[in-house]
Amino acid sequence: MALVEPTAREAGQDFIRDIVRADLASGRHKSVVTRFPPEPNGYLHIGHAKAICLSFGIAEEFGGHCNLRYDDTNPTREAQEYIDAIERDVHWLGFDWSSHLYHASDYFEQLYAWAEDLIRAGKAYVDDQSQEEMRATRGTLTEAGTESPYRGRGVEDNLDLFRRMRAGAFANGARVLRAKIDMGSGNINLRDPVLYRILHTAHPRTGTAWCIYPSYDFAHGQSDAIEGITHSLCTLEFEDHRPLYDWLLDNLPVPSRPRQYEFARLNLTHTVLSKRVLTELVRGGHVAGWDDPRMPTLAGLRRRGVPPAAIRDFVKRAGVAKANSIVDMAMFEFSIREHLNKKAARRMAVLRPLKVVIDNYPHGQSEEIEALNHPDDPAAGTRRLRFSRELYVERDDFKENPPKKFFRLSPGAEVRLRYAYFITCREVKKNEAGEIVELRCTYDPATKGGNAPDGRKVKATLHWVSASDSRTAEIRLYNPLFARPDPNPADFAAELNPNSLDVVADARVEPALAGRNSGAAVQFERQGYFCLDADSTPERLVFNRTVGLRDNWAKIAGT
RNA sequence: UGGGGCGUAGCCAAGUGGUAAGGCAGCGGAUUUUGAUUCCGCCAUGCGGAGGUUCGAAUCCUCCCGCCCCAGCCA
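J.: Talk me through the pairing of strand S9 (residues 259-263); I want residue IDs and the actual numbers.
T.: With respect to burial, S9 is a largely interior element, four of its five residues being buried. Handedness of the β-α-β unit built from strand S8 (residues 231-235), helix H9 (residues 242-251) and S9 comes out right-handed.

J.: Tell me about the confidence of the model for chain A, and please be specific about residues and values.
T.: In this model, chain A carries an average pLDDT of 95, and 97% of its residues clear a pLDDT of 70 or more. When the criterion is pLDDT under 50, residues 1-10 qualifies, and its contacts beyond four places in sequence or with other chains add up to four contacts. Across the interfaces of the predicted complex, the ipTM metric reaches 0.97, alongside a pTM of 0.96.

J.: Before we move on, can you summarise the protein's contact with RNA strand B with the specific residues and values?
T.: Residues in contact with RNA strand B amount to 65 residues; listed here are only the nearest, Arg-346, Arg-408, Arg-416, Gly-449 and Asn-552. Each atom of RNA strand B within 4 Å of the protein was assigned to sugar, phosphate or base; sugar and phosphate come to 62%. With respect to RNA strand B, the side chain of His-241 contributes an N or O atom lying 3.0 Å from a base nitrogen. Elements that contribute at least two residues to the surface near RNA strand B include exactly helix H6 (131-137), strand S6 (194-198), helix H12 (308-318), helix H13 (329-343) and helix H15 (552-557). Residue composition of the surface near RNA strand B, by class: 23 nonpolar, 21 polar and 21 charged.

J.: Give a description of the pattern of salt bridges that names residues and reports values.
T.: In this structure the tally under the stated criterion is 55 salt bridges. The partner of Glu-338 in a salt bridge is Arg-317, and the shortest N-O contact between them spans 3.2 Å. Here Arg-317 lies in helix H12 and Glu-338 lies in helix H13, a separation of 21 residues in the sequence. Of the residues examined, Glu-338 reaches a relative accessible area of 28% and is grouped as partly exposed. Ionic pairing is found between Glu-474 and Arg-540, a salt bridge with its closest N-O pair at 3.9 Å. In this pair, Glu-474 sits in strand S21 (residues 471-478) while Arg-540 sits in the loop between strand S24 (528-532) and strand S25 (541-548), placing the two residues 66 residues apart along the sequence. Given a relative accessible area of 14%, Glu-474 falls into the buried group. What makes Arg-540 partly exposed here is its relative accessible area of 32%. Through salt bridges with shared partners, a single ionic network connects Asp-291, Arg-303, Glu-474, Arg-476, Asp-533, Asp-535 and Arg-540.

J.: Which residues make up the packing of aromatic side chains, and what are the values?
T.: One pass over the structure, following the stated rule, counts 21 aromatic pairs. By way of ring pairs, the aromatic residues Phe-108, Tyr-112, Phe-162, Tyr-196, Trp-210, Tyr-213 and Phe-218 are connected into one cluster. The ring of Tyr-112 is capped by Arg-166, whose NZ or CZ atom sits 4.5 Å from the centre of that ring. Just above the ring of Phe-170 sits the side chain of Arg-175; from NZ or CZ to the centre is 4.1 Å.

Here is what the cut-offs are and how they apply
- Residues numbered from 1 in each chain as written.
- Chains lettered and ligands numbered in written order.
- Predicted model: local features only at pLDDT ≥ 70, side-chain atom pairs only at ≥ 80, totals over all residues.
- Heavy atoms only, no water.
- Buried < 20%, exposed > 50% of the residue type's maximum accessible area, 1.4 Å probe, protein only.
- Helix = DSSP H or I, 4+ residues; strand = E, 2+ residues; numbered from the N terminus.
- Right-handed = clockwise from strand over helix to strand, strands pointing away.
- pLDDT = per-residue confidence, 0-100.
- Contact = heavy atoms within 4.5 Å.
- Near = heavy atom within 4 Å.
- Polar contact = N/O pair within 3.5 Å; in protein donor to acceptor, adjacent residues only side chain to side chain.
- Nonpolar A, V, L, I, M, F, W, Y, C, P; charged D, E, K, R; others polar.
- Salt bridge = Lys/Arg side-chain N within 4 Å of Asp/Glu carboxyl O.
- Phe/Tyr/Trp six-rings, centres within 6.5 Å; stacked < 30°, edge-to-face > 60°.
- Lys NZ or Arg CZ within 6 Å of the ring centre and 35° of its normal.

As structure tokens, then:
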């Protein structure tokens, strides 16, 4: 049997890791340096998680490091709120940049010096055309552009003008610095791209020191080079920018030579991963905020109760490739359940209570019942439940006229109450409106703990809660933000699922659920995984459903 | 007859000339004091299509079809 190198086995298998491996093997690089470069103009979402896991993951696997770098080249869009959120979310996801926190704005002075170098080399010029004129002369997808009348400007003029741009002599939009490449290129990014624009706007970090700011293209590759990035990983839409990325690095005296590689963004069914749309969902009040548990943001997923390890696992399962794809939400839910199943303590909670009275259980009596905290993990211990004459069970667990294959409670049927006794439904009580308000049942004292000495079996085990010894709680059930698997982002408002939030105000939960720490996940048996919401108080418990359990009965019943 | 990418099962995705991995979903079955979990089995004569090269093609060649990205002084 062939030996497999452990690190090689742990490292994912994808074309980018293949490249990294080959670069290390050939000696092109001795170590690996990557970077995650968000622009602080919004919250991170699960799409970013893919990029984070990729860049930080590769650095980890190959013994290098990954920088967190803010791509803060456009002060009109960025804010401190987003910077704080990004750092919190990357850490929460499980990654650490240690001392490698950088900003493109740290390099403004160097970038400016390189721009002057380009001018001196005759490879950049100041263009006086208006934005409209530039657009009109850029050409189209099928036609070449035409050269600017200022393209032939001399080096001294360009230098003088560029310095005056920096000094604040001109208004926004009056002039730009452009690279002199090829107005006839099939790649529009090479048609004399803008390198610097005038923006009389204060920057969160550099304040008013600058009134000209480098474009993404002029900042990104050089920032990579300054930081010694070896593999600069980004999404597919930047493929067209790579020739410009390379052109700048080839024409500037940069200290290292990074390479850019592109992969497909993550898309998920039933949601939208577009910063623009997510921002509008928040600003338009369609959700409660960036951390609304229905949001695909990391902040939303955290509040929802999704473990970061589940996100990492999901991203790994989805893979890294160049084909555009939309991953089924079911795959994400599988990862969430897999992680929660192992760790979550089991509890009982009745979402929609139906009162049950045990007629042959003495008035005023009650007893303690021991219940497992985790059936597959004895180390999780036990807890005590109080069993008494009046209980609550789930409304859905009773049917007066049970359909075929329904083996929960119905008139005359016997079921087990988890960890307690077998009970049999004897009578159904209704109100004037004909609604079922109470079940009268009998219990078999010989079945204490849930087993019948005579060996008789029961086809269902129900969760329950004592009427007197339970607490009411609010439980928030979440459904996909978008009902259709592939919502159109251009018309997202019309695509919103009106039933994405279902608030159950009067659930009853076992007392052990009070006073637990909010971070821990619990499984409400037979229902799903839940966590305490940030809105919860000792007086008013509020739970979020992270994800439901798989439900074969729903399939059989066709609901 | 602009440039750059991508097409392998319902959804992801390996595979790089030697006879289609794996996961999710689905479907059977076993176990089960959660209709959960766990376990077992099934699920592409087929790789966008048509030709060609070869003993042999998802992999190489030719032509065709489809989808995505690019015309910000956004990133």
